[in-house]
Amino acid sequence: MSKRNANHLVWISKAFFVAIVLALTGCASDIMKNYIGQPVESVILDYGPPTAVVDLGRGERAYQWRKISTNAVSGSSSGEVRHTKHGTVYEETETPGYIERQECFYTFYARASGGRWFITNFRQPKLECE
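Per chain, the residues get numbers from 1 upward, laid out in the order the sequence is written. Predicted model: local features are reported for residues with pLDDT of at least 70 only, side-chain atom pairs are reported and counted for 80 or more only, and whole-chain, interface and lining totals are derived from all residues. Heavy atoms throughout the structure, all of them, feed into the side-chain values; hydrogens and water do not.

### With respect to the environment of A28
Part 1 of the argument: Helix and strand definitions follow DSSP, with helices as H or I runs of at least four residues and strands as E runs of at least two, each counted in order from the N terminus. Within the secondary structure layout, A28 lies in helix α2 (residues 27–33).
Part 2 of the argument: By the convention used here, residues are in contact when the closest approach between their heavy atoms is within 4.5 Å. Contacts of A28, omitting those with residues within four sequence positions, involve Y106, P125, C129 and E130.

### Topic: the packing of aromatic side chains
Part 1 of the argument: In summary, the pairing rule links any two rings of Phe, Tyr or Trp, Trp by its six-membered ring, whose centres are within 6.5 Å, and it sorts them by plane angle into stacked for under 30 degrees, edge-to-face for over 60 and tilted for everything else. Using the criterion set out here, one finds 3 aromatic pairs in the structure.
Part 2 of the argument: Their ring planes at 70° and their centres at 6.4 Å tell us that Y35 and Y47 sit as a pair that is edge-to-face. Linking Y35 in the loop between α2 and α3 (40–47) with Y47 in helix α3, this pair joins segments that are 12 residues apart in sequence.
Part 3 of the argument: Buried means the residue's accessible area, taken with a 1.4 Å probe over protein chains only, is under 20% of the maximum for its type, while exposed means over 50%, and partly exposed covers the values in between. When its relative accessible area of 7% is taken as the criterion, Y35 is described as buried.
Part 4 of the argument: For Y47, a relative accessible area of 48% puts it in the partly exposed group.
Part 5 of the argument: Note on Y35 and F108: the rings are 5.7 Å apart at their centroids and 80° apart in plane angle, and the pair reads as edge-to-face. With Y35 in the loop between α2 and α3 and F108 in strand β5 (residues 98–113), this pair connects stretches of sequence that are 73 residues apart.
Part 6 of the argument: When its relative accessible area of 4% is taken as the criterion, F108 is described as buried.
Part 7 of the argument: Taken together, Y35, Y47, W65 and F108 form an aromatic cluster joined through their ring pairs.

Here it is in structure tokens:
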């Protein structure tokens with residue numbers, strides 16, 4: 001397989017991944033919508049304490065959770081027998097593996113009421129975190 005064909009396969013793999021991500025778009029947002037109107041303790045009970053709490057003033061806060069994911073992407077190797085005027089040649093193409101790191105932030109906005117904080121809205125996560 002030529003280097004051009006190997007690059008084409010990498011591009012196809014990435015396009016497939018993007019298609020999957022687009023098909024799943026809204027998953028995190030759909031979950032986050034379910035917390036609107038609930039006390040912030042509901043999110044804490046499900047996902048642990050927030051990574052950050054930002055006082056926005058006027059009785060409003062932002063609660064943020066951070067998630068880091070790592071995935072090992074395996075490499076690949078392929079070969080092709082080519083017949084040239086100098087004889088038969090075996091050409092091998094290798095694509096090295098790598099570690100993919102994804103950092104995502106999930107932010108809820110809350111308002112104070114009766115001594116507690118209630119979720120009023122959320123910030124849309126970036127596309128690859130949906």
